[in-house]
Amino acid sequence: MKLIGQKINLRKLRSTDAQSIYQNINNKDVMRYLLTPSPYYLSDAKKFITRTQKKWRNDESYCFGIEDKASGEIIGAISLRNINKSHKFGELGYWLGRKYQRQGIMSDALSIILDFSFYKLNFNCVLAGTFKENVASASLLKKFGFSYIGVMKKMFFRNRRWHDDLRWQLLKENYKK
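Position numbers for residues start from 1 in each chain and track the written sequence from start to end. Per-residue local features of the predicted model are confined to residues with pLDDT of at least 70, and side-chain atom pairs are confined, for both listing and counting, to 80 or more; whole-chain, interface and lining totals are unaffected and use all residues. Here the side-chain values reflect all heavy atoms present in the structure, with hydrogen atoms and water set aside.

Engineer: Tell me about helix α5 (residues 135–143), residues and numbers included.
Structural biologist: Each residue is assigned to one of three classes by its accessible area relative to the maximum for its type, calculated with a 1.4 Å probe on protein chains only: buried under 20%, partly exposed between the two thresholds, exposed over 50%. Secondary structure elements are defined from DSSP: runs of H or I of at least 4 residues count as helices, runs of E of at least 2 residues count as strands, and each element is numbered from the N terminus. The complete set of buried residues in α5 reads S137, A138, L140 and L141. End-on view of α5: buried residues confined to an arc of 160°, all on one side of the axis. The exposed set on the far side of α5, more than 90 degrees from its buried face, consists of V135, K142 and K143. A positive phi of about 95° marks G145, the residue just after α5. In this description, the arc belongs to the directions extending from the helix axis to the C-beta atoms.

Engineer: I'd like to hear about helix α3 (residues 42–57), residue by residue, with values.
Structural biologist: The periodicity of an α-helix, 3.6 residues per turn, causes residues three or four places apart in sequence to face the same way. To estimate the expected span of a helix, count its residues, drop one, and scale the result by 1.5 Å. Compared with an ideal rise of 1.5 Å per residue, which puts 16 residues at 22 Å, α3 spans 23 Å between its outermost C-alpha atoms and is within 8% of the ideal. Restricting attention to buried positions, one finds in α3 the residues D44, A45, F48, I49, T52 and W56. What you see down the axis of α3 is that its buried residues fit within an arc of 140°, all on one side. Exposed residues lying more than 90 degrees from the buried face of α3 are K47, T50, K54 and R57. Contacts were defined at the residue level, with two residues in contact if any of their heavy atoms lie within 4.5 Å. Contacts from the buried residues of α3 go to β2 (8–12), α1 (18–25) and β3 (62–68). Of the residues trailing α3, D59 is marked for its positive phi of about 55°.

Engineer: Can you lay out the pairing of strand β5 (residues 89–96) for me, pointing to particular residues and giving the numbers?
Structural biologist: With seven of eight residues buried, β5 is to be regarded as a mostly interior element. Note that strand β4 (residues 74–84) and β5 share seven bridges and pair antiparallel. Directly across from L80, in β5, lies its bridge partner L92. A pair of strands counts as paired when DSSP detects no fewer than two bridges linking them. From the end of β4 to the start of β5, which pair antiparallel, there are four residues, and K88 there has a positive phi angle of about 60°. Relative to strand β6 (residues 125–131), β5 runs parallel, the two being bridged by four bridges. Looking at the pairing, G90 lines up with V126 of β6.

Engineer: Hey, could you go over the environment of G90 for me, with residue numbers and the actual values?
Structural biologist: For G90, the position within the fold is in strand β5. G90 gets classed as buried once you look at its relative accessible area, which sits at 0%. Sequence separation between G90 and L3 is 87 residues; the distance between their C-alpha atoms is 18 Å. For G90, the contacting residues outside a window of four places in its chain are R81, N82, I83, F123, C125, V126 and L127.

Engineer: Let's hear about the sheet that holds β2: which residues, and what values?
Structural biologist: The strands making up a sheet associate through backbone hydrogen bonding, with each pair oriented either parallel or antiparallel. In space, the eight strands of this open sheet follow the order β1-β2-β3-β4-β5-β6-β8-β7, with mixed pairing throughout. Edge positions in the open sheet fall to β1 (2–4) and β7 (147–158), since each of these has one partner strand only. Going from strand to strand, the sheet's axes swing by 25° on average, the running direction of each strand aside. Note: β1 against β2, three bridges, orientation antiparallel. Convention adopted: a line fitted to C-alpha atoms gives each axis, helices being fitted over their contacting stretch, and angles between N-to-C directions are expressed from 0 to 180 degrees.

Engineer: Residues and numbers for the packing of aromatic side chains, please.
Structural biologist: Two rings from Phe, Tyr or Trp (for Trp, the six-membered ring) form a pair when their centres are within 6.5 Å of each other. A pair whose planes differ by under 30 degrees is stacked, one over 60 is edge-to-face, and the rest are tilted. Here the structure, examined in full by the defined rule, presents eight aromatic pairs. Ring centres 5.2 Å apart and planes at 90° place the aromatic pair W56 and Y62 in the edge-to-face group. Comparing W56 with Y62 shows no difference in burial state: the two are buried. Relative to Y175, the ring of Y119 lies with its centre 6.2 Å away and its plane at 45°, an arrangement referred to as tilted. Of this pair, Y119 sits in helix α4 (residues 105–120) while Y175 is found in the segment after β8 (161–171), placing the two residues 56 residues apart along the sequence. The rings of W56, Y62, F64 and F116 are connected pair by pair, giving a single aromatic cluster.

Shown next, in the form of structure tokens:
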């Protein structure tokens, strides 16, 4: 499956994407707000791809690689996980390689996955979480109409300290208004 955007495409991950995932995620600025192994090895990227492919087959989550249109390289990922088909919602997660940030690429990816969520999967709601310190991610969610719904205090232990998880929600009725 491939979803076409203006700057990028979203597509299923392939085993051949491991090297580009490894190269783009393995940066302290990228990994700072991710719950991934650190340091991150090529073997971690291979396991990530295998895990996401299995979850996709089982309709548990949909993880798309963010594909650079020019090179075909995977420069990040965006996913819907913790999917609840009965109640029509899922949770968003994403990351983007450092040299691709601040270029509108994640806005393009978010627009594509929200269209997929609300119009293909017929979700009523999409949830997201951000580390309290991740101001850029919170700003992106606000730009798309996400509402702040609360905080889960000291939810994640990363880089030798506890981090609050800010929770966000976007209802289908508020998307693109």
